[in-house]
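Fold and geometry: a report
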Amino acid sequence: MQSEEALILVLAVPRPSQRHGETVCCAGVTIERKWRRLYPVRFRQLGENRFSRAQWVRYSWRPPTSDRRHESRHVFEESLSPGRKIPERERAEFLEPLIVGSVREAMDRGDSLTLIRPREAKFSWKKKSPQAIELERTGYASVAKQKSFFDKGLAALEPSPFEFRLRFLDEDGEHNHSCSDWETTAAFWNLSKKYGPDHALAHLDNMYNTIYREKGMILALGTMAKRPKTWLLLGVIRLDQPSGPRLIP
């Protein structure tokens, strides 16, 4: 067993797993700016050890048995220990060296996690079909029935009725990804409960298509273990534009 510390950059939407329960894709970088993928993490069960994006987390780990991606770590949940959050004024200096020009560049380097700064980013959404929502609901309900999960007193997650997407350009061309960023879905649900879904969608529209486009953003992307050439959009992170010419009009 080994231990290390990583700055969390990715908290993706929880996914049901028959083996591990409800898990969240967590990823971050060490102080040496080496990517780490933490799995399995049953985030809603962590209690007082729960952490957030831009927070340092120490953990014990071993090499995974079925994941050959070099960034991946099998984490022992009981060892997770949240540390300090990195202030916004420090984030650009620390993260800029990690940003690459495109997903293709990251692949050429043999990486399965990366950050890019998008151009002409456009956030959008569309309603999911009733069949798609029911399929997700069934998966979450199945996990909630597992004894190890149910003992924690956690209700099954309710799927978002909308699929959130982000279209953008990088140095390799145009991309259009489903957005798996948990903060996006959580913001939608929290605002919907208070003000209704129309207000929630308007808030996300303004945040991503106005504020983030004007001030700057970076995207965290990662591959699938069983489909290493398929990249997913895992996180949308507010980060100031670098000095010099603007990259997003």
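Coordinates for the structure precede this section.
What comes next is a walk through the structure.

Thresholds applied
- Residues numbered from 1 in each chain as written.
- Predicted model: local features only at pLDDT ≥ 70, side-chain atom pairs only at ≥ 80, totals over all residues.
- Heavy atoms only, no water.
- Buried < 20%, exposed > 50% of the residue type's maximum accessible area, 1.4 Å probe, protein only.
- Helix = DSSP H or I, 4+ residues; strand = E, 2+ residues; numbered from the N terminus.
- Pairing = 2+ DSSP bridges.
- Contact = heavy atoms within 4.5 Å.
- Axes fitted to C-alpha atoms, helices over the stretch in contact; angles between N-to-C directions.
- Parallel < 35°, antiparallel > 145°, perpendicular 65-115°, else oblique.
- Left-handed = near helix turned anticlockwise from the far one by under 90°.
- Nonpolar A, V, L, I, M, F, W, Y, C, P; charged D, E, K, R; others polar.

Concerning the pairing of strand β15 (residues 231–238)
Across the 8 residues of β15, 6 count as buried, placing the element largely inside the fold. Bridge count between strand β14 (residues 217–223) and β15: 7 bridges; the pairing is antiparallel. Among the inter-strand pairings, A220 is bridged to a residue of β15, identified as G235.

So, the sheet that holds β15
The strand order across the open sheet formed by 4 strands is β9-β10-β14-β15, and the pairing between neighbours is mixed. At either margin of the open sheet sits one strand with a lone partner, and together these are β9 (99–100) and β15. As judged from the 4 bridges shared by strand β10 (residues 113–116) and β14, these two strands associate in the antiparallel manner. By the bridge assignment for β14, L113 is matched with G222. Where helix α6 (residues 197–215) meets the sheet, it contacts β14 and β15, and its direction lies at approximately 75° from that of β15.

Observations regarding the packing of helix α5 (residues 182–195) against α6
The contact between α5 and α6 brings their axes to 7 Å, and the two run at 140°. Taken together, the axes of α5 and α6 lie oblique to each other. Both α5 and α6 take part in a crossing whose hand is right-handed. Note on element contacts: α6 touches α5 through P197, H199, A200, L201, H203, L204 and Y208, opposite T184, A187, F188, L191, S192 and Y195. Each residue belonging to the contact of α5 with α6 can be placed in one class, and the counts come to 9 nonpolar, 4 polar and no charged.

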